[in-house]
Amino acid sequence: MKLVIGSDHAGFPLKEELKTYLTAQGHEVEDIGTYDSASCDYPVQAKKLCDRIVAGEGKLGILCCGTGIGMSMAANKIKGIRAACASDCFSVKFTRLHNDANVLCLGARVVGVGLACELVDLFVNTEFEGGRHQRRVDLIHELEN
Ligand code: RB5
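Engineer: Give a description of the sheet that holds strand β4 (residues 83–85) that names residues and reports values.
Structural biologist: One open sheet holds the five strands; their spatial order is β2-β1-β3-β5-β4, and the pairing between them is parallel. Single-partner strands in this sheet number two, and they are β2 (28–31) and β4. Across the sheet, the mean angle separating the axes of adjacent strands is 25° when strand polarity is ignored. Across three bridges, the pairing between β4 and strand β5 (residues 103–107) is parallel. Across the sheet, Ala84 pairs through a bridge with Leu104, a residue of β5. Packing against the sheet, helix α1 (residues 12–24) makes contact with β1 (2–7), β2, β3 (60–65) and β5, and its axis sits at approximately 165° to β1.

Engineer: How would you explain the pairing of β3 if you had to name every residue and give the values?
Structural biologist: Consecutive side chains of a regular strand alternate in pointing toward one face of the sheet and then the other. For β3, the buried fraction is high: six of the six residues fall into the buried class. A two-sided burial pattern is seen for β3, the buried positions comprising Leu60, Ile62 and Cys64 on one face and Gly61, Leu63 and Cys65 on the other. Pairing of β1 with β3 involves five bridges; the strand directions are parallel. Within the sheet, the bridge partner assigned to Ser7 lies in β3 and is Cys64. Taken together, the five bridges between β3 and β5 define a ladder with parallel strand orientation. Bridge pairing in β5 links Gly61 to Val103.

Engineer: Describe in detail helix α2 (residues 42–54), supporting the description with residues and values.
Structural biologist: An ideal rise of 1.5 Å per residue puts 18 Å on 13 residues; α2 measures up with 18 Å between its terminal C-alpha atoms. Regarding α2, the residues found buried are Gln45, Ala46, Leu49, Cys50 and Ile53. Looking straight down α2, one finds that the buried residues subtend no more than 125° of arc, so they occupy a single side. Residues of α2 that are buried make contact with β1, β3, α3 (69–75) and β5. In the segment just after α2, Gly56 is the residue with positive phi, at about 80°.

Thresholds, definitions, all that
- Residues numbered from 1 in each chain as written.
- Predicted model: local features only at pLDDT ≥ 70, side-chain atom pairs only at ≥ 80, totals over all residues.
- Heavy atoms only, no water.
- Pairing = 2+ DSSP bridges.
- Helix = DSSP H or I, 4+ residues; strand = E, 2+ residues; numbered from the N terminus.
- Axes fitted to C-alpha atoms, helices over the stretch in contact; angles between N-to-C directions.
- Contact = heavy atoms within 4.5 Å.
- Buried < 20%, exposed > 50% of the residue type's maximum accessible area, 1.4 Å probe, protein only.
- Expected span 1.5 Å × (residues − 1).
- Arc of directions from axis to C-beta.

Here it is, written out as structure tokens:
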């Protein structure tokens, strides 16, 4: 799958681990930065990644910051983005099944690398159920207008 990954400085080490992991799983991973641990602003990184997803340049996105929360707040301001901040398997599975989340936000200061790998596996390998959930996703996007 074509994926896009990004982070701020706090999420940078986790982003690097996940990029290596996902590439080894056979995914094509575009890294929009940041590319080192120098301090930077997560809304800027979130917009960069989300613009790629909305443009169809990647099917799903993964954003890492300290908590995952700031990234998700910023990402959800962008039309067409359904970002989920999650740190447990149940939430990640159901945000794909029911919300058709297209961006997963992870907290590098919340989850370890092992759990983060499990979470991204679930995120990329779970398909949206559609049906009644499509109507609800459509209603989310009506809120954008
Ligand atoms: C950076 O220190 C931190 O505030 C940021 O990575 C993120 O956790 C914000 O939500």
